[in-house]
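Architecture and fold: a report
The residues making up each chain are set out below.
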Amino acid sequence: MEILNYTFMQRALVAGTLIGVLCAVMGVYVVLRGLSFIGAGIAHASFGGVAIGFATGVNPVWTAVIFCLGVGWSIGLLSRKGRVKEDTAVGIFFASTMALGILLIGLMKGYNQDLFGYLFGSILAVTRQDLWIILAVGLGILAVVVLFFKELLFVTFDPEMAQVGGLPAEKLYFLLLSLVALTVVISIKVVGIVLVSALLITPAAAAHQWSESFRSMMALGIFFALVSTVGGLFLSYWLDTASGATIVLLSTLIFFASAVFSPRRRRRKVSVASS
Amino acid sequence: MVKKTEDYIIEMENVSFSFGNLPVLDRVFFQVRRGEFLGLLGPNGSGKTTLIKCILGLVRPDEGTVRIFGKAPWDLNDDRHRIGYVPQLISVDLTFPLRAKEAVLMGRYARIGMLRRPKGSDREAARIAMERVGIADLADRPLARLSGGQRQRVFLARALANEPEILFLDEPTTSVDPTTTESFYELLGGLHREGMTIILVSHDVGVVASHVDGVACLNRGLVGHGRPEEVLGSEEMARMYGCDAVVFHHGRLPHIVVKRNDHGDS
Ligand SMILES: Nc1ncnc2c1ncn2[C@@H]1O[C@H](COP(=O)(O)OP(=O)(O)O)[C@@H](O)[C@H]1O
Ligand SMILES: [Mg+2]
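Residues numbered from 1 in each chain as written. Chains lettered and ligands numbered in written order. Predicted model: local features only at pLDDT ≥ 70, side-chain atom pairs only at ≥ 80, totals over all residues. Heavy atoms only, no water.

**Let's talk about the interface of chain B and chain A**
Basically, it comes down to this: We call two residues contacting when some pair of their heavy atoms lies within 4.5 Å. Once two parts are brought into contact, the accessible area they lose, counted with a 1.4 Å probe and summed over both, makes up the buried area. For this document, the term salt bridge refers to a Lys or Arg side-chain nitrogen within 4 Å of an Asp or Glu carboxyl oxygen. A run of H or I in DSSP counts as a helix once it spans at least four residues, and a run of E counts as a strand once it spans at least two, with each numbered from the N terminus. When residue character is reported, Ala, Val, Leu, Ile, Met, Phe, Trp, Tyr, Cys and Pro are called nonpolar, Asp, Glu, Lys and Arg charged, and the others, Gly included, polar.
Contact with chain B, which involves 32 residues of that partner, is made by 28 residues of chain A. Carbon and sulfur atoms supply 65% of the area that chain B and chain A bury against each other, a total of about 2,800 Å² over both sides. Taken together, chain B and chain A are joined by three salt bridges. The salt bridge involving B:Arg145 is made with A:Glu212; its shortest N-O contact spans 3.0 Å. Only α1 (48–56), β5 (83–86), α2 (100–112) and α4 (148–161) of chain B provide two or more residues apiece to the side of chain B that touches chain A. Sort the elements by how many residues they give to the side of chain B that touches chain A and α2(B) lands first, with five residues. Among the residues forming the side of chain B that touches chain A, the class breakdown is 19 nonpolar, four polar and nine charged.

**Notes on the packing of helix α1 (residues 7–33) of chain A against helix α10 (residues 196–210) of chain A**
Residue and element names in this part refer to chain A. Spelled out, the test is: Axis definition: a line fitted to C-alpha atoms, over the contacting stretch in the case of helices. Angles run 0 to 180 degrees between N-to-C directions. Roughly parallel covers angles under 35 degrees, roughly antiparallel covers those over 145, roughly perpendicular covers 65 to 115, and oblique covers all other angles. Whether a crossing is left-handed or right-handed is set by the direction in which the near helix is turned from the far one by less than a right angle, anticlockwise for left-handed and clockwise for right-handed.
Viewed as axis vectors pointing N to C, α1 and α10 meet at an angle of 70°, and their least axial separation amounts to 7 Å. The pairing of α1 with α10 is recorded here as roughly perpendicular in orientation. Our pair here, α1 against α10, has a crossing hand that is right-handed. Contacts between α1 and α10 involve Ile19, Cys23, Ala24, Met26, Gly27, Val28, Val30, Val31 and Leu32 on the former and, on the latter, Leu199, Leu200, Ile201, Ala204, Ala205 and His208.

**Here's the deal with the site of ligand 1**
Residue and element names in this part refer to chain B. We apply this condition: We call a residue near a given molecule or strand whenever any one of its heavy atoms falls within 4 Å of it. Pairing of N or O atoms within 3.5 Å defines a polar contact, subject to two protein rules: one partner must be a possible hydrogen donor and the other a possible acceptor, and residues neighboring in sequence count only if both atoms are side-chain atoms. Only the protein chains shown count as cover for residues, and all accessible areas are computed by the Shrake-Rupley method using a 1.4 Å probe.
Taken together, Phe19, Leu22, Val24, Pro43, Asn44, Gly45, Ser46, Gly47, Lys48, Thr49 and Thr50 make up the full set of residues adjacent to ligand 1. In this structure, an oxygen atom belonging to ligand 1 sits 2.7 Å away from a main-chain N or O atom of Gly45. Contact distances for ligand 1 include 2.5 Å between an oxygen atom and a side-chain N or O atom of Thr50. Considering ligand 1 on its own, with 560 Å² of exposed area, one finds that the protein chains cover 58% of that surface. Elements that contribute at least two residues to the shell around ligand 1 include exactly β2 (22–33) and α1. The leading source of residues in the shell around ligand 1 is α1, at three residues. Considering only residue class, the shell around ligand 1 consists of four nonpolar, six polar and one charged.

Listed below in structure tokens is the structure:
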């Protein structure tokens with residue numbers, strides 16, 4: 001294991017671990033609340049945010065944070081007010097924010113290698129500063145999840161009932177969107193804009209196949225995500241493949257194995273057979 | 001202790017509501033007395049769920065006033081804990097990984113307050129609620145492995161865990177077999193005798209009629225409400241809103257006249 005002596009690999013592993021945990025935790029809410037498409041939309045919107053960063057010379061993480069929060073809230077507001085359906089709102093922002101990014105890049109002189117890294121992820125190019133940002137924002141997200149654990153669970157399961165009980169369901173929904181947006185942004189450097197929604201959705205979806213309680217789904221989701229990120233990193237090193245893609249394909253493999261072998265699946269078969 | 005104005009636990013005056021340009025509620029006047037067991041009847045799409053949501057403050061009427069416990073529904077604050085709500089089952093994700101006792105404990109969440117963890121007393125309230133509805137032995141069962149009737153009891157227990165004074169149930173026995181339905185209504189009858197105010201939404205008059213002690217019929221506007229023998233006596237009335245039963249109210253014992261014209265739907 002002499003590869004562990006390389007600084008880039010150490011950084012990649014720490015970043016992969018942190019992002020795996022984060023994506024799995026937020027992914028549980030995304031999967032159960034049906035926010036997968038919104039998550040993918042926010043991820044693609046970050047391209048526009050990153051491009052603004054490149055155009056203005058500000059660290060793209062911060063421009064992407066502001067941009068993605070704005071897009072997440074806009075999607076939420078548009079669909080909440082009943083103007084358009086949620087998937088329509090996502091569809092509009094999905095393409096237009098990418099278009100904005102492409103336009104900005106076209107205006108910039110020359111081709112930007114770094115931007116390519118944001119699109120497809122380059123876990124091996126994670127800087128020390130990136131690591132600190134991931135750590136700080138990630139711990140912030142986890143702290144909010146712990147603090148509002150029961151409230152987020154309630155609005156995810158049954159928002160209407162939560163509101164009747166007196167919880168601020170609307171505000172909690174926007175809190176959830178914000179946490180998803182932040183998770184997406186700090187993950188894009190590692191797995192890439194195009195692939196981040198897979199890491200958000202797939203480990204949680206795999207865990208969903210096995211779980212009978214919320215906490216076990218979260219724990220198992222984290223486990224699957226860590227196997228994907230850490231395992232994917234080593235695999236990509238040995239096979240000399242793109243790290244983001246390797247991570248995502250590994251998690252997809254876990255998902256399909258879960259879908260085929262989980263007891264939920266077997267039970268469904270049994271009940272069909274007996275009825 | 002109980003204020004005079006609270007004899008009416010719910011008051012709706014001249015309430016109108018539309019989804020876009022689809023009128024759903026049209027000048028509804030409606031009162032519910034403390035301790036009443038009311039069946040809210042009407043065909044599918046007649047606005048029953050919307051009416052309940054107006055009372056609960058989930059939708060705001062375009063016109064008119066709604067009061068519950070003498071207050072506007074969006075201004076209830078701590079009085080929210082006095083409300084129990086069992087929503088229509090279709091609104092719930094049955095693959096959600098949740099054990100019965102966890103779902104029931106959610107009934108306490110709002111009362112516990114933000115940033116606090118459930119205490120022993122909350123778990124105890126959840127346990128008592130589960131015992132009350134007869135699902136104590138299913139506490140560790142995930143929702144996905146409960147039958148329709150068991151699940152409905154979980155949601156009733158969730159509402160009861162909050163120790164409410166008024167219960168709203170929206171079509172609680174759809175997709176539940178007749179025997180289970182019967183015992184579910186007996187359970188509600190028991191709660192009612194202990195003083196619970198209950199508003200039961202259904203499009204199935206025949207089943208509801210033998211358990212409630214009053215009915216209101218809705219078809220956008222309120223077609224009839226109050227002492228059933230005054231309101232529901234005429235046949236045109238019954239035909240107008242599609243109800244095929246009429247409830248008479250003599251003292252404590254409701255008498256039912258059911259017109260059987262077998263639609264085939266239960
Ligand atoms: N969210 C909604 N948007 C638009 N129309 C709706 C919505 N919810 C209900 N409706 C319409 O309002 C009418 C009344 O619905 P509802 O109150 O659910 O009736 P009921 O509960 O008596 O079956 C129906 O015509 C229904 O199609
Ligand atoms: Mg309804």
